[in-house]
Amino acid sequence: PSSDCVVAEQLCLSDSTCNATYRTLENCALTKTRLLSLDHDSRVRCLNAELDLRNSSLLHCKCHRRMKRQEHCLRIFWTVHSSMTDAENNCESPLPGTVEHWKTDYNKLAALVSGKNCSQLAGDATNPCLKATHVCNLSKKCFRLRTDYASICTKGAGSEDVCDRRKCHRGLRNFFEKVPEDFTKRILFCPCQDEFCGERRRKTIVPDCSFQYNTKPNCLWLLDSCLEDHICKSRLADFQQNCQPVDMSPDGCSLHNHAACLQAYMGMIGTPMTPNYVSNSSVEVSLWCTCENSGNQKEKCDQILGMFESNKCL
């Protein structure tokens, strides 16, 4: 139980010594979140507080995927690791978990969900993305949550009004967190042979709202926005850990677990660093950002963009 940060926090708060140390770390994390600089004594105090927690279950706690109170759990994790770690430097992911390769037959899946035969899917054979959508529609939960985010993310599209990107992102996260992956992975990663199918795949996340801005922001700005958000910061660390490319590896991936990488990629959708397919005719993905005018941080900016654009593991 102590591996859960919410439980670990409760245990810590019930102990006077741990409680005092944890409160110190909360102040340290709050100062860092507000981008305020710490003087030397404060930095030492924060570092000592982290060291004092070495024997506490808080230091090794995690936040499990699809758990309730996930955002609260992630806040606890980053409070404890606020000064020693940084998501942009490949720190340990707060989101552990085993990932199984998915192998489910479409027709069996749809029959299981609907209790009917799947003759209505026969016409979708040439468009796997359309077929995946129809299978989703057979599940009340998948249909409801997909309809929810689509409705939110299309408000304001095609007019002078600007969509509510924050609500759109929240709707996308709800969909990918709460709907079984048998549905979500097939909708997002459906294989296409033509541009009509590719266009449907590219528009899965309603990119006009969730992905694109009127002009491309600098990738460093996207990173800063992500690191200010506990959910995005955690999922970025998870993505970096599970999609770490290695040139010398036969499959280009350090962990040799592409299912884990795809799951981590899905986790980035609905965050300030939401990625998407770049066109209707390829499976290349990218962030909606540019590295122009990055000054002396151009190399760092290119690395951020390259995590998606030129990641052999992904």
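Summarised in this report is the structure supplied together with it. (Residues numbered from 1 in each chain as written. Predicted model: local features only at pLDDT ≥ 70, side-chain atom pairs only at ≥ 80, totals over all residues. Heavy atoms only, no water.)

### Topic: empty space enclosed by the protein
What counts is decided by this rule: Only protein atoms enter the 1 Å grid used here. Points where a 1.4 Å probe fits but cannot escape make up a cavity, open sets with protein on both sides within 12 Å along at least five of seven lines make up a pocket, and a residue lines them when an atom lies within 4 Å of a point. Grid points are joined across faces, edges and corners, and a volume is the space filled by probe spheres set on the points. Put simply, DSSP H or I for four residues or longer makes a helix, DSSP E for two residues or longer makes a strand, and each gets a number counted from the N terminus. Gly counts as polar in this scheme, as do all residues outside two lists: the nonpolar Ala, Val, Leu, Ile, Met, Phe, Trp, Tyr, Cys and Pro, and the charged Asp, Glu, Lys and Arg. Domains are outlined according to an automatic or database domain assignment.
Under the defined criterion, the tally for this structure stands at 2 cavities of 30 Å³ or more. Along its surface, the largest cavity is lined by 16 residues, and R65, E177, R235, Q263 and G267 are the ones closest to its centre. Taken together, the elements giving at least two residues each to the lining of the largest cavity come down to α8 (165–178), α13 (230–242) and α14 (258–268). Of the residues that constitute the lining of the largest cavity, the class distribution is 6 nonpolar, 3 polar and 7 charged. Around the second largest cavity sit H169, S210, F211, Y213, L222, T271, P272, T274 and W288, which together line it. Considering only residue class, the lining of the second largest cavity consists of 5 nonpolar, 4 polar and no charged. When residues of the lining of the second largest cavity are assigned to domains, at least three map to each of domain 2 (106–211) and domain 3 (219–310).

### So, the environment of V162
Within the fold, V162 resides in the loop between α7 (140–154) and α8. Once the C-alpha coordinates of V162 and D208 are considered, the two residues, 46 residues apart in sequence, prove to be 9.9 Å apart.

### Describing the packing of aromatic side chains
Basically, it comes down to this: Any pair of Phe, Tyr and Trp rings, taking the six-membered ring for Trp, is counted once the centres come within 6.5 Å. Such a pair is stacked with planes under 30 degrees apart, edge-to-face with planes over 60 apart, and tilted for the rest. By definition here, charges over rings are those cases where NZ of Lys or CZ of Arg is within 6 Å of the ring centre and within 35 degrees of the ring normal.
Counting across every chain of the model gives 7 aromatic pairs. A ring pair is formed by F211 and W288, whose centres lie 5.6 Å apart and whose planes are at 65 degrees; its orientation type is edge-to-face. Note that F211 is positioned in the loop between α11 (207–210) and α12 (219–227) and W288 in the loop between β2 (285–287) and α15 (298–309), a separation of 77 residues in sequence. Taken together, Y149, F175 and F176 form an aromatic cluster joined through their ring pairs. Over the face of the ring belonging to Y213 we find R165, whose NZ or CZ atom lies 3.9 Å from the ring centre.

### A short note on α13
Rules: Working rule for helices: expected span equals 1.5 Å times residues minus one. Note on classification: 1.4 Å probe, protein chains only; a residue is buried when its accessible area is under 20% of the maximum for its type, exposed when over 50%, partly exposed between these limits. Contacts are residue-level and defined by heavy atoms, with any inter-residue pair within 4.5 Å sufficient. Between N or O atoms, a polar contact is any pair within 3.5 Å; within protein, one atom must be a potential hydrogen donor and the other a potential acceptor, and residues adjacent in sequence are included only when both atoms are from side chains.
Under the 1.5 Å per step criterion, the end-to-end length of α13 is 18 Å for 13 residues, consistent within 8% with the ideal 18 Å. In terms of residue burial, α13 counts as a mostly covered element, since 11 of its 13 residues are buried. The complete set of buried residues in α13 reads I231, C232, K233, S234, R235, L236, A237, D238, F239, Q240 and N242. Check the buried side of α13 and you find it contacts α4 (70–80), α8, α12, α14 and α15. At the N-terminal end of α13, a side-chain oxygen is found 3.0 Å from the backbone nitrogen of I231, two or three residues along, and the residue is D229.

### Notes on the nonpolar core
Definition in use: Among buried residues, the Ala, Val, Leu, Ile, Met, Phe, Trp, Tyr and Cys ones that are joined through side-chain atoms within 4.5 Å form a nonpolar core.
Among the nonpolar cores identified, the biggest contains 50 residues, and F175 and M273 are the most heavily contacted of them. With 6 residues, the single largest contributor to this core is α12. Summarising the domain contributions, this core has at least three residues from each of domain 2 (106–211) and domain 3 (219–310). If sequence neighbours within four positions are ignored, M273 has contacts with L222, L223, C226, C232, L236, M268, L287, I304, M307 and F308. Membership of the second largest hydrophobic core comes to 22 residues, among which are Y22, L58, M67 and I76.

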